[in-house]
Amino acid sequence: MYERILVPLDGSKEGESALPYVENLVSKLSSDVKVEVTLLQVTSRLEPRVVSGRAVPDIAYPEKQMEEARKKAIDYLNKTGEALRSKGVAVAVKVVVGDAAEEIVKAAEEINSDLIAMSTHGRSGLSRWAFGSVTEKVLRHGGKIPILTLKAPRKTEKA
């Protein structure tokens, strides 16, 4: 039975595409089952830098900027969790700093998660090679925790 569900979110609409499935799953469980959904966002301490033609050392965000990002992530997660809360689901939010895949697996273990539900952005080819796949890494390193992966709908181009 799924009583503790971890839903990693990256702030994108594609990342949120797992939420309707989680809501549906929770609604089908017996009212005797108390479910807690933990919404997780992983932030990076390193500022992304792209300079073509030469290696550039990583630069850490200043502490003040990290705290602002943390507050913004907590606000986002709380707002995103409102739909679940309105259905009587206990929702916890967690923001951590580090490598996304590693921190997702770590958080799942810490909360003794019964399920990780996450979307995949569906990258392939060169894009997947360049950016990697957080979902794929979680699948490889998630241990015995069941992982529900959902392919996010593709962004539609505006005419």
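Residues numbered from 1 in each chain as written. Predicted model: local features only at pLDDT ≥ 70, side-chain atom pairs only at ≥ 80, totals over all residues. Heavy atoms only, no water.

Caption draft 1: Spatial organisation of the pairing of strand β2 (residues 36–43). For β2, a buried count of six out of eight residues is recorded, marking the element as mostly surrounded by other parts of the structure. Relative to β2, strand β1 (residues 4–8) is paired through five bridges, and the arrangement is parallel. Bridging across to β2, valine 7 finds its partner in leucine 39. Alignment of β2 against strand β5 (residues 90–97), held across eight bridges, turns out to be parallel. Within β5, the residue paired with leucine 40 across the bridge is lysine 94. (Buried < 20%, exposed > 50% of the residue type's maximum accessible area, 1.4 Å probe, protein only. Helix = DSSP H or I, 4+ residues; strand = E, 2+ residues; numbered from the N terminus. Pairing = 2+ DSSP bridges.)

Caption draft 2: View of the pattern of salt bridges. For the structure shown, the criterion picks out seven salt bridges. Aspartate 114 serves as the salt-bridge partner of arginine 4, at 3.4 Å between the closest nitrogen and oxygen. Note that arginine 4 is positioned in strand β1 and aspartate 114 in the loop between α4 (100–110) and β6 (115–120), a separation of 110 residues in sequence. The exposure class assigned to arginine 4 is partly exposed, which follows from its relative accessible area of 25%. Note that glutamate 136 and arginine 140 form a salt bridge whose closest N and O atoms lie 3.0 Å from each other. Of this pair, glutamate 136 and arginine 140 are both found in helix α6 (residues 134–141), four residues apart, which corresponds to roughly one turn of the helix. Accessibility expressed as a relative area gives 29% for glutamate 136, which makes it partly exposed. In this structure, a network of salt bridges that share partners links the residues Glu3, Arg4 and Asp114. (Salt bridge = Lys/Arg side-chain N within 4 Å of Asp/Glu carboxyl O.)

Caption draft 3: Up close: the side chain of serine 12. Position of serine 12 among the secondary structure elements: in the loop between β1 and α1 (19–28). There is a polar contact of 2.6 Å between the side chain of serine 12 and the side chain of aspartate 10. (Polar contact = N/O pair within 3.5 Å; in protein donor to acceptor, adjacent residues only side chain to side chain.)

Caption draft 4: Seen up close, unusual backbone geometry. Of note, the phi angle at asparagine 112 is positive, near 55°, even though the residue is not glycine. Checked against the element boundaries, asparagine 112 lands in the loop between α4 and β6.

Caption draft 5: Region of interest: the environment of arginine 140. Residue classification places arginine 140 among the exposed residues on the basis of a relative accessible area of 54%. For the pair formed by arginine 140 and alanine 101, sequence separation is 39 residues and the distance between their alpha carbons is 9.7 Å.

Caption draft 6: Focus on the packing of α4 against α6. As a packed pair, α4 and α6 sit with axes 8 Å apart at the nearest point and diverge in direction by 45°. Our classification of the angle between α4 and α6 gives oblique. In the crossing of α4 with α6, the sense of the turn from one axis to the other is right-handed. Contacts from Ala100, Ala101, Ile104 and Val105 of α4 reach α6 at Val134, Lys137, Val138 and His141. (Axes fitted to C-alpha atoms, helices over the stretch in contact; angles between N-to-C directions. Parallel < 35°, antiparallel > 145°, perpendicular 65-115°, else oblique. Left-handed = near helix turned anticlockwise from the far one by under 90°. Contact = heavy atoms within 4.5 Å.)

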